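# Overview (structure and organization)
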Amino acid sequence: MEANKELEMVSVRLVPEYKLYSETALITSEDAVKLLQEELAQYDREVFCVLHLNAKNYPISASITSIGEINSTLVHPREVFKSAVLASAAGIVLLHNHPSGDPNPSQDDIEVTSRLVFCGELMGIRVVDHIVCGSRGRFCSVFEFDKNEGMNQPIIELPAKDKSDMSSIVISRKINGHETEITLTKEEMQQAYFAQEKIWDEEYVRNYLRDKDYSAESRAAFRAEFGFSAKSVLQADAAVSKLAADMRRNADKYGMNDLEGLEEAFSEERQRRLQKRKSRQQER
């Protein structure tokens, strides 16, 4: 007989930690910087913050999504929008610091922004701005930086014939210099989103492993903790895919964030390897 399967009841709540004082709507990028610059100045490494806004651009709350290394941080859309959904935010402002002091966005900053804008369109949560904070009060809006560079981002909108019809989404973009409209059904968009999320998860794993393979000290610490090298996983796409899938399973099943889910996946992989090694020794 099949064993009874238990279904766990879980819940996720916003937990206030401390208060930031603000009674004014955000009109410019500088308004957001003034609100969080003291918080960001406390860190000597990259910190990614999300400021939640209501429909009139008044700040509701803020959260620190991730704390990274000296010159990089790992950002995943799931973590960025988790607190925004719980706060019932109509829009969000993204902020992160560059400990180097240079506020100019990197290529990674631009790519992350495009990814989060796309996800926000799907979820109905507008990404109002992404601000990079440097030293001595300097900052730069990634949106303005993209505009100056002439970056061509896809425009996602509902079909003009019926704005209330959510059965399809039209993506307008230039292909070979010609404006082209591509219509996707909700099912196609869902499939495309999950396929893209798989790519994002795998890139998240690769970025984490690259950080752990950056120096001899970090390589040794990773091997001591998990029993295998970060480089060996990076060289095998199948291993990266499996760890990304395990990370997502752990995050969804146990309510972990992505980093916790990934570290749990590494621990599970360590146990699998030890068990496999033990079985081979017994066969001999």
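What counts as what
- Residues numbered from 1 in each chain as written.
- Predicted model: local features only at pLDDT ≥ 70, side-chain atom pairs only at ≥ 80, totals over all residues.
- Heavy atoms only, no water.
- Pairing = 2+ DSSP bridges.
- Helix = DSSP H or I, 4+ residues; strand = E, 2+ residues; numbered from the N terminus.
- Axes fitted to C-alpha atoms, helices over the stretch in contact; angles between N-to-C directions.
- Contact = heavy atoms within 4.5 Å.
- pLDDT = per-residue confidence, 0-100.
- Salt bridge = Lys/Arg side-chain N within 4 Å of Asp/Glu carboxyl O.
- Buried < 20%, exposed > 50% of the residue type's maximum accessible area, 1.4 Å probe, protein only.
- Phe/Tyr/Trp six-rings, centres within 6.5 Å; stacked < 30°, edge-to-face > 60°.
- Lys NZ or Arg CZ within 6 Å of the ring centre and 35° of its normal.

### Here's the deal with the sheet that holds strand S5 (residues 139-141)
- Taking strand neighbours across the sheet as the criterion, the five strands line up as S2-S1-S3-S4-S5 in an open arrangement whose pairing is mixed. Among the strands making up the open sheet, the edge pair consists of strand S2 (59-67) and S5. Strand-to-strand twist across the sheet, computed as the mean angle between neighbouring axes with direction ignored, equals 20°.
- By the bridge criterion, seven bridges tie strand S1 (residues 47-53) to S2 in an arrangement that is antiparallel. Counterpart to Leu-51 in the pairing with S2 is Ala-62.
- Packing of helix H3 (residues 107-123) onto the sheet brings it into contact with S1, strand S3 (91-97) and strand S4 (126-133), and relative to S4 it is tilted by some 165°.

### Here's the deal with the confidence of the model for the protein
- For the protein, per-residue confidence averages 78 on the pLDDT scale, and residues scoring 70 or more make up 76% of the total.
- Note on residues 147-167: pLDDT under 50 across the span, and 31 contacts to partners over four residues away in sequence or across chains.

### Re the pattern of salt bridges
- Using the criterion set out here, one finds 15 salt bridges in the structure.
- One salt bridge connects Glu-79 with Lys-82, and the closest N-O pair in it is separated by 3.5 Å. One end of the pair, Glu-79, and the other, Lys-82, are both in helix H2 (residues 77-86), three residues apart, so they sit about a helical turn from each other.
- Overall, Glu-79 belongs to the buried group, its relative accessible area being 14%.
- In this structure Lys-82 comes out as partly exposed when scored by relative accessible area, which is 32%.
- As a salt-bridge pair, Glu-203 and Arg-210 come within 3.2 Å of each other at their nearest N and O atoms.
- With a relative accessible area of 28%, Glu-203 lands in the partly exposed category.
- Salt bridges sharing common partners tie together Lys-242, Asp-246, Arg-249, Glu-268, Glu-269, Arg-272 and Arg-273.

### Regarding the environment of Cys-119
- Looking at the secondary structure, you find Cys-119 in helix H3.
- Sequence spacing of Cys-119 and Arg-78 is 41 residues, and the spatial spacing of their C-alpha atoms is 9.2 Å.
- Excluding anything up to four places from it in sequence, Cys-119 contacts Pro-77, Phe-81, Tyr-193 and Trp-200.

### A short note on H2
- Of all the residues in H2, the buried ones are Pro-77, Glu-79, Val-80, Phe-81, Ser-83 and Ala-84.
- Of the residues one or two after H2, Ser-88 is the one with positive phi, at around 55°.

### Quick look at the side chain of Glu-197
- Within the secondary structure, Glu-197 sits in helix H5 (residues 186-212).
- Given the relative accessible area of 9%, Glu-197 is considered buried.
- In this view, Glu-197 contacts His-76 and Arg-78; residues no more than four positions away in its chain are not counted.

### Topic: the packing of aromatic side chains
- Applying the stated criterion across every chain, the model contains seven aromatic pairs.
- Centre to centre, the rings of Phe-226 and Phe-228 are 6.5 Å apart; their planes meet at 35°, and the pair counts as tilted.
- The exposure class assigned to Phe-226 is buried, which follows from its relative accessible area of 3%.
- Ring-pair connections join several aromatic residues into one group, and the members of that group are Tyr-208, Phe-222, Phe-226, Phe-228 and Phe-266.
- Taking NZ or CZ as reference, Arg-273 lies 4.2 Å from the ring centre of Phe-228, over its face.

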